[in-house]
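Residue-level structural notes
Chain by chain, the residues:
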Amino acid sequence: MESFHLIFKSLTNTFFMDLQHTEYNNDLLKKIVYTLVNSIDLIGKKSTSEQFSEKKLLKHALLDLSKQIYANMHALNTLIPDFHVNGFELKRIPIALVSRGAIVDCQTGLYLISFINSDQSLKNEIDAMSLAYAKFLHTFQKEKLQYLENDEKLISQKLRQWEISFKSNYGHLFKSRVTEKWDFKNVKDLRVTSEEGLKNDLNGKITEAVKYNRIKEFFNRQDYTFLYTGFGYFSQYQHYSFANRKMLEDPSTKDEFFGILLTSISAIWIAMNQFSSILGGQGNEEEIKRNNELIKTLYSSIK
């Protein structure tokens with residue numbers, strides 16, 4: 001994959017380039033995404049299906065993330081055919097959102113890979129990522145019971161039963177396993193057993209900026225910068241601002257959007273190969289290699 005770094009340098013020019021052959025480049029994009037989707041599928045299939053084990057947390061996490069990236073890229077594959085058709089400017093919104101989803105999952109995977117030399121630190125970061133879900137689940141369970149049941153006493157009993165069950169499985173996320181208080185640890189608490197340097201470096205929530213800075217320091221590759229750039233750009237299509245109203249449909253930003261999409265997809269491709277190197281498994285190596293060569297050739301053809 002190192003040879004692709006040279007292609008990446010020239011590819012940065014596509015960010016604000018004036019694409020003269022939009023039909024050709026759109027066809028190129030379709031070929032790249034289709035081949036990447038196929039490769040992600042092969043990466044998942046070649047990863048040996050194993051029973052859950054805390055000793056293999058990283059592999060389990062990367063396989064889960066690969067499935068999510070595959071789903072988003074598959075959705076992108078269905079959206080891009082009309083990308084350059086006049087009147088379809090609003091298609092940029094779902095394209096941006098599914099691309100952003102894939103980027104976030106790539107950044108999460110690379111972030112977790114950066115803890116590959118410290119099993120306990122890796123586990124702590126995975127636990128930290130589980131906090132938001134656990135908090136949501138408790139609120140959702142309570143609301144669901146209130147919707148399904150009319151008896152407040154019955155709601156309280158069922159919610160308590162659910163809480164006991166949840167704590168028995170995820171007690172390490174709580175300040176106390178035995179009290180009835182629904183009191184989660186904070187991220188700092190969860191990192192108590194992390195390596196000393198990490199506790200100081202990662203003193204807060206896991207934001208995309210935190211992931212990016214960690215990835216940049218660990219991998220020292222320019223390629224992954226495009227993930228964070230793409231994340232920031234495509235986020236503008238999710239978070240409303242009165243100032244960016246024209247950005248959503250403005251025909252003059254079509255080429256800029258297309259260039260950033262191309263560079264983001266190439267960074268996703270590189271990240272997936274990083275995932276594959278850790279997931280291991282047997283079979284499909286030759287087909288994955290052929291797909292990589294095809295994607296490399298397609299990107300090399302961009303002027």
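Basis of the calculations
- Residues numbered from 1 in each chain as written.
- Predicted model: local features only at pLDDT ≥ 70, side-chain atom pairs only at ≥ 80, totals over all residues.
- Heavy atoms only, no water.
- Core = buried A, V, L, I, M, F, W, Y, C linked by side-chain atoms within 4.5 Å.
- Buried < 20%, exposed > 50% of the residue type's maximum accessible area, 1.4 Å probe, protein only.
- Helix = DSSP H or I, 4+ residues; strand = E, 2+ residues; numbered from the N terminus.
- Contact = heavy atoms within 4.5 Å.
- pLDDT = per-residue confidence, 0-100.
- Axes fitted to C-alpha atoms, helices over the stretch in contact; angles between N-to-C directions.
- Parallel < 35°, antiparallel > 145°, perpendicular 65-115°, else oblique.
- Left-handed = near helix turned anticlockwise from the far one by under 90°.
- Phe/Tyr/Trp six-rings, centres within 6.5 Å; stacked < 30°, edge-to-face > 60°.
- Expected span 1.5 Å × (residues − 1).
- Arc of directions from axis to C-beta.
- Patch = residues over 30% accessible without salt bridge, like charges linked within 9 Å, V, L, I, M, F, W, Y side chains within 5 Å.
- Areas by Shrake-Rupley, 256 points an atom, 1.4 Å probe, with all protein chains shown as cover.
- Salt bridge = Lys/Arg side-chain N within 4 Å of Asp/Glu carboxyl O.

1. Let's talk about the nonpolar core
The nonpolar side chains of soluble globular proteins are, as a tendency, buried together. Ile-69, Met-73, Leu-110, Phe-257, Ile-265, Ile-268 and Phe-275 are the most contacted members of the largest nonpolar core, which has 67 residues in total. Going through the elements one at a time, α2 (22-46), α3 (57-79), α4 (92-113), α5 (119-148), α9 (208-219), α10 (225-235), α11 (254-279) and α12 (285-300) are the ones with two or more residues in this core. Once you skip the residues sitting within four places of it in the chain, Leu-110 turns out to touch Ile-215, Phe-219, Tyr-224, Leu-227, Ala-271, Gln-274 and Phe-275. Trp-162, Phe-174, Trp-182 and Leu-190 belong to the second largest nonpolar core, which has 15 residues in total.

2. A closer look at the confidence of the model for the chain
Looking at the chain as a whole, the pLDDT averages 82, with 84% of positions reaching at least 70. Within the chain, the element-level pLDDT minimum falls on helix α1 (residues 4-11), averaging 47, and the maximum on α4, averaging 95. Taken together, the stretch residues 1-24 has pLDDT below 50 and engages in 51 contacts with residues farther than four places along the chain or on a different chain.

3. Considering the packing of α10 against α11
Two elements in contact, α10 and α11, have axes separated by 8 Å at closest approach and are oriented at 135°. Considering their axes alone, α10 and α11 lie oblique with respect to each other. Our pair here, α10 against α11, has a crossing hand that is left-handed. Facing α10, whose interface residues are Phe-226, Leu-227, Gly-230, Tyr-233 and Phe-234, α11 presents Glu-256, Phe-257, Ile-260, Leu-261, Thr-263, Ser-264, Ala-267 and Ile-268.

4. Some points on the packing of aromatic side chains
Using the criterion set out here, one finds 21 aromatic pairs in the structure. Aromatic pair Phe-174 and Trp-182: ring centres 4.8 Å apart, planes at 65°, arrangement edge-to-face. Accessibility expressed as a relative area gives 18% for Trp-182, which makes it buried. Relative to Phe-219, the ring of Phe-218 has its centre 4.9 Å away and its plane inclined at 80°; by these criteria the two rings are edge-to-face. Classification of Phe-218 as partly exposed rests on a relative accessible area of 35%. In textbook terms, an aromatic cluster arises when at least three aromatic residues are bridged by ring pairs, as seen for Trp-162, Phe-166, Tyr-170, Phe-174, Trp-182 and Phe-184.

5. Digging into the packing of α5 against helix α6 (residues 152-170)
Remark: α5 packs on α6, axes separated minimally by 10 Å, with the N-to-C direction vectors making an angle of 155°. Taken together, α5 and α6 sit at an angle that is classed as roughly antiparallel. For the pair α5 and α6, the sense of crossing is right-handed. Packed against α5, whose contacting residues are Ala-134, Leu-137, His-138, Gln-141, Lys-142, Leu-145 and Gln-146, the element α6 presents Ile-155, Lys-158, Leu-159, Trp-162, Glu-163 and Phe-166 at the interface.

6. Comments concerning α6
Under the 1.5 Å per step criterion, the end-to-end length of α6 is 26 Å for 19 residues, consistent within 8% with the ideal 27 Å. Of the positions making up α6, those classed as buried are Ile-155, Leu-159, Trp-162, Glu-163, Phe-166 and Lys-167. Angularly, the buried residues of α6 cover 135° about the axis, an arc narrow enough to put them on a single face. Turned more than 90 degrees away from the buried face of α6 sit Lys-153, Gln-161 and Ser-168, all of them exposed. Looking at the packing, one finds that the buried side of α6 touches α5.

7. What about a nonpolar patch on the surface?
Residues Tyr-133, Phe-136 and Phe-140 make up a contiguous nonpolar surface patch of roughly 330 Å² in combined accessible area. When you line up the elements, Tyr-133 lands in helix α5.

8. Some remarks on the side chain of Ser-121
On the secondary structure map, Ser-121 appears in helix α5. Ser-121 has contacts with Phe-115, Ser-194, Glu-195 and Leu-198, leaving out every residue within four places of it along the chain.

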